[in-house]
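Here's the letter readout for the chains.
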Amino acid sequence: MAWDLFLWILSFFVSLALVASVFYQVICLTDLEADYLNPFETSTRINRLILPEFILQGSLCVLFLLTWHWVFFLVALPVTCYHAMLYKERRHLIDVTEVFRGISFEKKLRFTKLGFYIFLFIMVVFRLTLSAVYSFTEDDDLLHLF
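All figures in this text were calculated on a predicted structure; none of them were measured in a lab.

Draft legend 1. Geometry of the nonpolar core. Among the nonpolar cores identified, the biggest contains 22 residues, and W8, L18, L60, F64, F72, Y117 and V124 are the most heavily contacted of them. Elements with a contribution of two residues or more to this core: α1 (2–33), α2 (39–66), α3 (70–88) and α4 (103–137). The biggest single contributor to this core is α4, with eight residues. In this structure W8 touches F64, H69, F72, V124, R127, L128 and S131, once residues within four positions along its chain are discounted.

Structure, rendered in structure tokens:
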């Protein structure tokens, strides 16, 4: 039971980092649109966060698969596959010269990912709370109801 609690604590911090990363990317794109940042600064700030985000999302998905949390794995799988497709086609980084042309698409994409990560964060917080309550009460049978 302690491993289950450790899994959800780890998932909590990973999903919190994903929410913060995408929120920062949205702020950078909004600052570019408002002309507070130039395209080079914006693309540099966003591009240095892309690969860590992909790695965290992929590792979270694999963690859910290895621990047999199928619902969470199936929820995280489409975004992980989308990230893998972007990386394979080398479209994962923002181009400095094309950033203004695709700013509306990039903002929509980041807002969609932010909504997904917030949804995943809420699910993880719920399971973390359940796991903490059940591990402290040591009633293992009730945890498997959910």
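Alright, that's what it looks like, and here's the rest.
Draft legend 2. Expanded view of a nonpolar patch on the surface. Nonpolar side chains collect at one region of the surface, where W3, F6 and L10 lie side by side and expose about 390 Å² of accessible area between them. Structurally, F6 can be placed in helix α1. Its relative accessible area of 48% is what places F6 among the partly exposed residues.

Draft legend 3. A look at the packing of aromatic side chains. Going through the model one piece at a time under the given rule, you end up with nine aromatic pairs. Aromatic pair W8 and F64: ring centres 5.9 Å apart, planes at 35°, arrangement tilted. With W8 in helix α1 and F64 in helix α2, the pair connects residues that are 56 residues apart, well separated along the chain. The class of F64 is buried, set by a relative accessible area of 0%. Between F12 and F121 the ring centres are 5.3 Å apart and the planes differ by 35°, which places this aromatic pair in the tilted class. In this pair, F12 is assigned in helix α1 and F121 in helix α4, connecting sequence segments 109 residues apart.

Draft legend 4. Local environment of unusual backbone geometry. Located in the positive-phi region is D35, a residue other than glycine, with phi close to 65°. Its identity is not glycine, yet W68 carries a phi of approximately 65°, on the positive side. Tracing the sequence through the fold places W68 in the loop between α2 and α3.

Draft legend 5. Summary view of the environment of L32. Relative to the assigned elements, L32 resides in helix α1. Take L32: its relative accessible area is 1%, and that puts it in the buried class. The spacing of L32 and S43 is 11 residues in sequence and 9.5 Å in space, taken between C-alpha atoms. Residues contacting L32, with those up to four places away along its chain left out, are L37, N38, P39, T42, V99, F100 and I103.

Draft legend 6. Spotlight on the state of the cysteines. Following the criterion strictly, the structure yields zero disulfides and no others. Free cysteine C61: the closest other cysteine sulfur is in C81, separated by 7.2 Å. Given the relative accessible area of 3%, C61 is considered buried.

Analysis parameters
Residues numbered from 1 in each chain as written. Predicted model: local features only at pLDDT ≥ 70, side-chain atom pairs only at ≥ 80, totals over all residues. Heavy atoms only, no water. Core = buried A, V, L, I, M, F, W, Y, C linked by side-chain atoms within 4.5 Å. Buried < 20%, exposed > 50% of the residue type's maximum accessible area, 1.4 Å probe, protein only. Helix = DSSP H or I, 4+ residues; strand = E, 2+ residues; numbered from the N terminus. Contact = heavy atoms within 4.5 Å. Patch = residues over 30% accessible without salt bridge, like charges linked within 9 Å, V, L, I, M, F, W, Y side chains within 5 Å. Areas by Shrake-Rupley, 256 points an atom, 1.4 Å probe, with all protein chains shown as cover. Salt bridge = Lys/Arg side-chain N within 4 Å of Asp/Glu carboxyl O. Phe/Tyr/Trp six-rings, centres within 6.5 Å; stacked < 30°, edge-to-face > 60°. Disulfide = S-S within 2.5 Å.

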